[in-house]
Amino acid sequence: MGPLHIAATVKTPEIQFLDQENRLILSGRSIPENAVDFYRPVLEWAQTIGPDTPLTVQVQLEYFNTSSSKCLLDLFKRLEASSSLEVQWYFDADDEDMLEAGEDYDHIVGVPFKFVEVDPEA
Amino acid sequence: MHGARSTGSRWSTLIAFEGIPSRRNVDSLLAEVENLVVQRTEDRKAFRAIIECIQNLERHAVPNLPARFSLSGRVVKGEPRFCIRSLNPIRDAELNDVADWIAQYEELQEMVMGAMEEGVLDWRQLYRNWLARGERTPRGGAGLGWVSMARMALQPPSIRMVESAGKPNLFFSVEVACGS
């Protein structure tokens, strides 16, 4: 699996793969008009992950639009075959919608989710 | 556009936009709305619904004709409520599709309401079902915007075709409450 780093913009998240930790981090906001184009390189990168590669996907998004929601689902589904995958879903305390969004994915895909509550004031 | 967060119990207009739904105008509108609406973590709920509404204007409205968006606010039991409305001309080639889609939406609303009464389905479950379907609209949308808004709104969005300036327009309205 190769390197991956996409810088954040006002409407798209920073996406980076930390290869020493085998950790894929998505952070910021994901509200592009056409999420398919934005997530294409990420999905292509995910295709290169071997099924035995341990991987943690850290999702730390403040907002994502419904166009992005399907791309996130596509990402989780592509990684679903990995035998050692965990999604760490971060959400700010008082942001129930983001917690529920993570629970929705947890319900749909066969990947273990860990929910991490963050104090936005901290 | 103008705005100041309402502090009373009556609706007051916070932002009113009328213009071409270009990328630049939409981005500018989103930035202004966010500054106005999101003052606490809980307020993100309203902004999430607004993102879907405003991006739908760019995605589906006639590109060279003005569209309208308005945001009203009021305070109920100490918590803000927002009324989000939009009106945009419908592309000629999509009139039949939009009419079919509204008819489907109305049928689905009735079905969901009936299923909710029986306790076998709710908006969240419907959202999950639609998300899992993996289909997309022709312009890259997820086709999930209205379900996601119905889920977070006080009532399902009101969506209908109306005549404005002699042309068929799509009218959209939804009310979102933030906080507990």
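Position numbers for residues count from 1 along each chain, tracking the sequence in the order it is written. Working convention: letters from A go to chains and numbers from 1 go to ligands, in the order in which they are written. Totals for whole chains, interfaces and linings use every residue, but because this is a predicted model, local features are given only for residues with pLDDT of at least 70 and side-chain atom pairs only at 80 or more, for both listing and counting. The side-chain figures draw on all heavy atoms in the structure; neither hydrogens nor water molecules are used.

A short note on the interface of chain A and chain B
Applied cut-off: We call two residues in contact whenever any of their non-hydrogen atoms come within 4.5 Å of each other. Note: buried area is the sum, over both parts, of the accessible area (probe 1.4 Å) each one loses when the two are combined. Salt bridge, as used here: a side-chain nitrogen of Lys or Arg that lies within 4 Å of a carboxyl oxygen of Asp or Glu.
Each partner contributes to the interface: chain A provides 29 residues, whereas chain B provides 31 residues. Across the chain A/chain B interface, buried area totals approximately 2700 Å², and carbon plus sulfur atoms make up 45% of it. Area buried by chain A at its contact with chain B is led by E33, Y63 and K70 of chain A, which between them contribute 27% of it. Applying the counting rule to chain A against chain B returns 14 salt bridges. Between E103 of chain A and R124 of chain B there is a salt bridge, with the nearest N and O atoms lying 2.9 Å from each other.

Comments concerning the environment of G145 of chain B
As a reminder of what qualifies: Counting from the N terminus, the helices are DSSP H or I runs at least four residues long and the strands are E runs at least two residues long. Burial status follows relative accessibility: with a 1.4 Å probe on protein chains alone, a residue under 20% of its type maximum counts as buried, one over 50% as exposed, and anything between as partly exposed.
Checked against the element boundaries, G145 of chain B lands in helix 5 (residues 145-152). On the basis of relative accessible area, G145 of chain B is assigned to the buried category, the value being 9%. In this structure, the C-alpha to C-alpha distance between G145 of chain B and Y127 of chain B, residues 18 residues apart in sequence, is 9.5 Å. In this view, G145 of chain B contacts T66 of chain A together with E52 of chain B; residues no more than four positions away in its chain are not counted.

Structural notes on the sheet that holds strand 5 (residues 85-92) of chain A
What counts, and what does not: Criterion used throughout: strands pair if DSSP finds at least two bridges between them. Axis lines are fitted to C-alpha atoms, over the contacting stretch for helices. Their N-to-C directions set the angle, which ranges from 0 to 180 degrees.
Read from one edge of the open sheet, six strands run 1-2-3-4-5-6 (chain A), paired in mixed fashion. Looking at strand neighbours, the two that pair on one side only are strand 1 (5-6) and strand 6 (113-118) of chain A, the edges of this open sheet. Against the sheet, helix 3 (residues 96-108) of chain A contacts strand 4 (55-64), strand 5 and strand 6 of chain A, and its axis sits at roughly 160° relative to strand 5 of chain A. Helix 2 (residues 44-60) of chain B rests against strand 3 (23-30), strand 4 and strand 5 of chain A of the sheet, and its axis sits at about 85° to strand 4 of chain A.

Remarks on the confidence of the model for chain B
This is how the line gets drawn: Predictor confidence is given residue by residue as pLDDT, running from a minimum of 0 to a maximum of 100.
Mean pLDDT over chain B: 86, with 89% of residues reaching 70 or higher. Confidence, expressed as mean pLDDT per element, reaches its minimum in chain B at helix 3 (residues 95-118) of chain B with 83 and its maximum at strand 1 (residues 12-19) of chain B with 96.

Thoughts on the pattern of salt bridges
Enumeration over the complete set of coordinates arrives at 24 salt bridges over all chains. Across the pair E100 of chain A and R151 of chain B runs a salt bridge, and its minimum N-O distance is 3.2 Å. Note that E100 of chain A is positioned in helix 3 and R151 of chain B in helix 5, a pairing that runs across two chains. Under the relative-accessibility criterion, E100 of chain A is labelled partly exposed at 26%.

So, the packing of aromatic side chains
Residue and element names in this part refer to chain A. Note the following rule: Ring pairs shown here join Phe, Tyr and Trp side chains whose ring centres sit within 6.5 Å, with only the six-membered ring taken for Trp; geometry is labelled stacked below 30 degrees between planes, edge-to-face above 60, and tilted in between.
Following the criterion strictly, the structure yields eleven aromatic pairs over all chains and no others. When the centroid spacing of 4.9 Å and the interplanar angle of 55° are considered together, the rings of F17 and W45 count as tilted. Of the two residues, F17 is situated in strand 2 (residues 14-18) and W45 in helix 1 (residues 35-47); the sequence distance between them amounts to 28 residues. Measuring from centroid to centroid gives 6.2 Å for F64 and W89, while their planes differ by 90°, and the two rings are edge-to-face.

Re the nonpolar core
One broad trend across soluble globular proteins is that nonpolar side chains are buried collectively. The condition is simple: Each nonpolar core is a collection of buried residues, namely Ala, Val, Leu, Ile, Met, Phe, Trp, Tyr and Cys, held together in the definition by side-chain atoms within 4.5 Å.
The biggest cluster of nonpolar side chains holds 82 residues, and the ones touching the most others in it are V57, F76 and W89 of chain A together with V33, F69 and L71 of chain B. The dominant element in this core, judged by the number of residues it contributes, is helix 2 of chain B, at eight residues. With near-sequence residues (within four places) excluded, V33 of chain B lies in contact with I15, F47, I50, I54, F69 and L71 of chain B.

Focus: the sheet that holds strand 5 (residues 167-177) of chain B
Within a beta sheet, neighbouring strands are joined by backbone hydrogen bonds and run either parallel or antiparallel to one another. All names here are of chain B. The strand order across the open sheet formed by five strands is 1-2-3-5-4, and the pairing between neighbours is antiparallel. Edge positions in the sheet fall to strand 1 and strand 4 (158-164), since each has one partner strand and no second. Ignoring strand direction, the axes of neighbouring strands in this sheet form an average angle of 15°. With seven bridges joining them, strand 4 and strand 5 adopt antiparallel strand pairing. Note that in strand 5 the partner of M161 across the bridge is L170. Across the face of the sheet, helix 2 comes into contact with strand 2 (67-76), strand 3 (79-89) and strand 5 while running at roughly 5° to strand 3. Across the face of the sheet, helix 3 comes into contact with strand 4 and strand 5 while running at roughly 145° to strand 4.

Thoughts on a negative patch on the surface
Residue and element names in this part refer to chain A. The following threshold applies: Like-charged residues are merged into a patch within 9 Å and nonpolar side chains (Val, Leu, Ile, Met, Phe, Trp, Tyr) within 5 Å, provided each residue has over 30% relative accessible area and no salt bridge. Using the Shrake-Rupley algorithm and a 1.4 Å probe, accessible areas are obtained, with residue cover drawn only from the displayed protein chains. Residues counted as positive are Lys and Arg, residues counted as negative are Asp and Glu, and His and the chain ends are not counted. To locate a charge, the coordinates of NZ of Lys, CZ of Arg, CG of Asp or CD of Glu are taken.
A cluster of like negative charges, contributed by D94, E96, E117, D119 and E121, occupies part of the molecular surface. By secondary structure assignment, the location of E121 is in the segment after strand 6. Residue E121 is classed as exposed on the basis of its relative accessible area, which comes to 71%.

Some details on the pairing of strand 3 of chain A
Side-chain direction in a regular strand flips from residue to residue, so the side chains alternate between the two faces of the sheet. Residue and element names in this part refer to chain A. Going by this rule: With strands facing away from the observer, any crossover in which the path from the first strand over the helix to the second runs clockwise is taken as right-handed.
Most of strand 3 is tucked away, with six of its eight residues classed as buried. Between strand 2 and strand 3, which pair antiparallel one after the other, the connecting turn spans four residues, and N22 there sits at a positive phi close to 50°. For strand 3 and strand 4, the ladder comprises eight bridges, and the chain directions are parallel. Paired with S27 across the strands is Q60, a residue of strand 4. Chirality of the crossover, the property in question, places the unit of strand 3, helix 1 and strand 4 among those that are right-handed.

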